[in-house]
Amino acid sequence: MINSINIQNFKSHKNTSLDLKNLTVLCGNNGVGKSSAIQLFLLLREAFIKDKSFDILDLKSNPVKIGTPEDAIYQFSQKDSFEINLKISNNDHFFLYEAKSADDKLKTFISLNKEVSKIAGNISEVSLFNTNFQYIGASRLGPQANYEKDDKIVGVHKQISVIEGKSEYFVHFLNEYKDNEVISEICLINEITKYTDLVAQVIAWERCISEGVNIEIEDIGKLGFLLKYNFETEASPNRKTNSFEATNVGFGLSYVMPILVAILSAQKGALIIIENPEAHLHPNGIAKLTELICLAAQAGIQIILETHSDHIINGILVQSKKYEHEGRGIDRENVSIYQFDRDEKEHCTKAIKIEIEEDGLIRYPPKGFFDQFSIDRKFLLDF
């Protein structure tokens, strides 16, 4: 598990430290550095996956496209470099990337200073750098006429995404590993769902978003896979509707599926990074998805979220209170929430840690921490 990260002089991060837990949540206004923090994890992973070293960070890689070192280095830095400190299972890793000349600042990669950098232990055992990892970006694909197939990406690297977290292979992934057992702590078992394989559990949790939905996957050879849905109904003799292609069904059903597949296929110790999990979901659906996220994190799957949704935050607080009183949900000690803001004087990121207290309460939230509802209510009710 990644315990902490310190970032210096990368994009808006002059000096940002984050304490990472089983569940880490990054929130705040647009353009304050949330995605930039996530990009560093992806850049380091891509460097290691490509060459089994960290010698070069490709700033125009598949998962992250930043540009040049000039784009990557904090604008007001006195040095043409940036630093990353990672603490992973009590091992400290230090990376210093620098552009040594004016020409280096205009290249599409930046090099590691090997003399001062330090990598401890067997780094390949860290989930960020092996197959026990998934990244689901904010711009993931919506419903598609058909979904891509790639036997190497899915069968060997066990990934649902290659390009910018678009989750282009999640249907192939689901079909490939459909019979795998889901860890017991996140299985949804009831009178309808009695099976614990991956596809059954994806359907079970998808039904929390849209009641009575079923999923069908059809392999169409070189063209990839079709994803279809049908719905249970008493109006039909066989108690099911016709099958509908993904493009003819609610956007949110397909948009949330990569998240369900990533979490439900994960084993304890895995790392999952998710941007905007709430996108295109009804508040009730967001609450159920947050429940799954919390159960998975409590079970030992490390999850890093970037969100703009107060429903995600409220869902975590609910699950924290449930854990206190019922033993199911998430221990607040396993949650880190950060409000990102901007230091206007130095134009850099400020990361403010939000503490969860007993009964899922946040007593003194900073200004801007999902307070728009209170502002609007005050205006509407005139108090």
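What counts as what
- Residues numbered from 1 in each chain as written.
- Predicted model: local features only at pLDDT ≥ 70, side-chain atom pairs only at ≥ 80, totals over all residues.
- Heavy atoms only, no water.
- Helix = DSSP H or I, 4+ residues; strand = E, 2+ residues; numbered from the N terminus.
- Contact = heavy atoms within 4.5 Å.
- Axes fitted to C-alpha atoms, helices over the stretch in contact; angles between N-to-C directions.
- Parallel < 35°, antiparallel > 145°, perpendicular 65-115°, else oblique.
- Left-handed = near helix turned anticlockwise from the far one by under 90°.
- Buried < 20%, exposed > 50% of the residue type's maximum accessible area, 1.4 Å probe, protein only.
- Pairing = 2+ DSSP bridges.

Q: Please give an account of the environment of Ala204 that cites residues and values.
A: Its location among the elements puts Ala204 in helix α5 (residues 198-209). Taking the C-alpha atoms as reference points, Ala204 and Val25, separated by 179 residues in sequence, lie 25 Å from one another. Setting aside residues no more than four positions away along its own chain, Ala204 makes contact with Leu188 and Thr193.

Q: Give me the packing of helix α6 (residues 251-265) against helix α7 (residues 283-298): which residues, what numbers.
A: In the contact formed by α6 and α7, the axes pass within 11 Å of each other and the chain directions differ by 20 degrees. On the basis of their axis angle, the class for α6 and α7 is roughly parallel. The interaxial crossing formed by α6 with α7 has left-handed handedness. In contact with Val256, Ile259, Leu260, Ile263 and Leu264 of α6, α7 contributes Leu289, Leu292, Ile293 and Ala296.

Q: Outline the environment of Glu164, supporting the account with residue identities and numerical values.
A: With respect to the helices, strands and loops of the structure, Glu164 is situated in the loop between α3 (151-156) and α4 (170-176). On the accessibility criterion, Glu164 (27% relative accessible area) is partly exposed. Not counting residues within four places of it along the chain, the set of residues in contact with Glu164 comprises Asn62, Pro63, Lys65, Tyr135, Gly137 and Ser139.

Q: Residue-level account of the pairing of strand β7 (residues 109-112), with values.
A: As paired elements, strand β4 (residues 56-58) and β7 share three bridges and run antiparallel to each other. The partner of Asp58 across the bridge, within β7, is Phe109. One ladder, built from two bridges, connects strand β6 (residues 91-98) with β7; its direction is antiparallel. What sits directly across from Glu98, in β7, is Ser111.

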